[in-house]
Amino acid sequence: MFDTMTLTKVVGAFCGALLIFLLGGWAAELIYHTGGGHGDDHKQAYVIETGDDEGGEAAEDAGPSFEELFVAADAGKGERVYNKCKACHQLEEGANGAGPYLYGVVGREVASADGFGYSGSLKAVVDVWTPQELSAFLENPAGYAPGTTMGFAGVKDMEDRANLIAYLDQSDGDTYEIEMPAAAEEAAAEPAAEEAATEEAATEEAATEEAATEEAATEEAAAEAPAAEEAAAAGGFADMVAAADPADGKKAWRQCQACHKLEDGKNGVGPHLANIVDRPIASVEGFRYSSALQDLSDKAWTVDELNAWLEDPKAYAPGNKMSYRGLRKEEDRAALIAYMQSATE
Ligand code: HEC
Ligand code: HEC
């Protein structure tokens, strides 16, 4: 009896101490976040605004990826979310307000609206507004780019952000082709296995393998399609590149900028692309290519090979690690190649 009492007291005291400790930590964090760095009145307001999106966090953990939501996004719903931005932003080109104009902002170079006085905080974090970067920024502007002058709480719900970004993307009538993370080599393994698991509920390992083979077969079939198309238009594409206006390709190049530079020797996430036309495949020294591209190293990037690669990288070299979905329009690819050629000449 006595022992139980003592034990109860000890446990009780311990729990109490733990609770105080946890509350203390929580309080400290609260003070740190609201008081640190740029805690002007403006920013305080956002604490209230974040309340409308409960459950967003959980959805992010378990639910679909941002890319999946973006592909399926409803721009109409995004227009409603955009109401939160209208006090400071306009979509018309050149129309700066408290914030820079957002015409064509998806895929646009960061802090590039003419005539707008930026803080410099955005440029310090990111170069190009891909949908993913926009999503991260808009979820928590001050957390993403400390010191930013955008006094806005953030849009906490990922689906709201996907819809909003899809709406912004329409502003210039040019749809951003988002790269799916599944195209990345490392990322590919997991979703593929997951997919197999859902499709064939109680699976054995053999089934997973089978699914993988099937997928590979589909990919191969897909790889053949553009090749056939090309043969039909033999010679045609090189002519298209020759006739294309490099200036038109500059826009498509923005989709590559996050990962590639045109200056010799400057590798990023992807290898530098100086003199890419007719350069042997996977030949940049010091860049670690996937074996998928290394296997093709006896070939060169002729305009036709580039055309097929850029249309659908995954189908062209299954298992490669370029997380880019592809540029669907042939004339865009022609202009882009002309641009890369002219930029490094
Ligand atoms: C209170 C005013 C305000 C609100 C509300 C606001 N913004 Fe901003 N926004 C700004 C300012 C100011 C900047 C420039 C920030 C800097 O330079 O650090 C900015 C920058 C941006 C940029 C970067 C643009 C570029 O050229 O690099 C994007 C994108 C953006 N805002 C989108 C949005 C969206 C979408 C919303 C609504 C969900 C929103 N903003 C709400 C004021 C605002
Ligand atoms: C998300 C990052 C990313 C984006 C966006 C991206 N690439 Fe890549 N790119 C890579 C990576 C990584 C590789 C190396 C792939 C491998 O080794 O499998 C690569 C390889 C290449 C190669 C082969 C180069 C060589 O030396 O053999 C070319 C050409 C290329 N990319 C062009 C482009 C173009 C043009 C765009 C825009 C339309 C683009 N990429 C968009 C990451 C990217």
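Note that the coordinates shown come from a computational prediction; the quantities given were computed from them, not determined experimentally.

Draft legend 1. Fine view of the site of ligand 2. Neighbouring ligand 2 are 28 residues, the closest being Cys-256, Cys-259, His-260, Ser-290 and Met-322. His-260 places a side-chain nitrogen or oxygen 2.7 Å from a nitrogen atom of ligand 2. A distance of 2.8 Å separates an oxygen atom of ligand 2 from a polar side-chain atom of Arg-279. Of all elements in the fold, only α14 (303–311) and α16 (330–344) reach the threshold of two or more residues within the shell around ligand 2. Here the shell around ligand 2 takes three residues from α14, the largest share from any one element. Of the residues contributing to the shell around ligand 2, the split by class is 19 nonpolar, six polar and three charged.

Draft legend 2. View of the coordination of the iron atom of ligand 1. Coordination of the iron atom of ligand 1 by the protein is provided by His-89 (NE2) and Met-150 (SD), with metal-donor distances spanning 1.9 to 2.0 Å. Metal-centred angles of 86 to 178 degrees between the six donor atoms at the iron atom of ligand 1 mark the site as octahedral. Of the two residues, His-89 sits in the loop between α5 (75–82) and α6 (131–139) while Met-150 sits in the loop between α7 (141–144) and α8 (158–169), which places them 61 residues apart along the sequence. By the burial criterion, His-89 is buried, and Met-150 matches it.

Draft legend 3. Structural view of α5. Looking only at α5, the buried set comprises Ala-75, Gly-78, Val-81 and Tyr-82. Looking down the long axis of α5, one finds its buried residues gathered within 100 degrees of arc, a one-sided arrangement. Each element contacted by the buried residues of α5 is listed here: α8. For α5, the N-terminal capping position is held by Asp-74, with its side-chain oxygen 2.9 Å away from the main-chain nitrogen of Gly-76.

Draft legend 4. Summary view of the site of ligand 1. Within the structure, ligand 1 sits among 29 residues, and Cys-85, Cys-88, His-89, Ser-119 and Met-150 are positioned closest to it. Taking His-89, its side chain carries an N or O atom lying 2.7 Å from a nitrogen atom of ligand 1. Where the shell around ligand 1 is concerned, the elements lending two or more residues are α6 and α8. A per-element tally of the shell around ligand 1 places α6 first, with three residues. Per-class residue counts for the shell around ligand 1 are 20 nonpolar, seven polar and two charged.

Draft legend 5. Region of interest: the coordination of the iron atom of ligand 2. Distances from the iron atom of ligand 2 to its protein donors, His-260 (NE2) and Met-322 (SD), fall at 1.9 to 2.0 Å. Coordination at the iron atom of ligand 2 is octahedral, judged from the six donor atoms that bind it and the angles of 83 to 179 degrees they form at the metal. Of this pair, His-260 sits in the loop between α12 (246–253) and α13 (291–294) while Met-322 sits in the loop between α15 (313–316) and α16, and the two are 62 residues apart along the sequence.

Draft legend 6. Highlighting α14. Burial of α14 is extensive: eight of the nine residues sit out of reach of the surface. Within α14 the residues assigned to the buried category are Val-303, Glu-305, Leu-306, Asn-307, Ala-308, Trp-309, Leu-310 and Glu-311.

Draft legend 7. Summary view of unusual backbone geometry. In this structure, Ala-111 is a non-glycine residue whose phi angle is positive, near 55 degrees. As for its position among the elements, Ala-111 is in the loop between α5 and α6. In this structure, Ala-282 is a non-glycine residue whose phi angle is positive, near 55 degrees. Among the structural elements, Ala-282 can be located in the loop between α12 and α13.

Definitions and cut-offs
- Residues numbered from 1 in each chain as written.
- Chains lettered and ligands numbered in written order.
- Predicted model: local features only at pLDDT ≥ 70, side-chain atom pairs only at ≥ 80, totals over all residues.
- Heavy atoms only, no water.
- Near = heavy atom within 4 Å.
- Polar contact = N/O pair within 3.5 Å; in protein donor to acceptor, adjacent residues only side chain to side chain.
- Helix = DSSP H or I, 4+ residues; strand = E, 2+ residues; numbered from the N terminus.
- Nonpolar A, V, L, I, M, F, W, Y, C, P; charged D, E, K, R; others polar.
- Donors = N, O, S within 2.8 Å, 3.2 Å for Na, K, Ca; no water.
- Tetrahedral: all angles 85-135°; square planar, octahedral: opposite > 155°, others 65-115°.
- Buried < 20%, exposed > 50% of the residue type's maximum accessible area, 1.4 Å probe, protein only.
- Arc of directions from axis to C-beta.
- Contact = heavy atoms within 4.5 Å.

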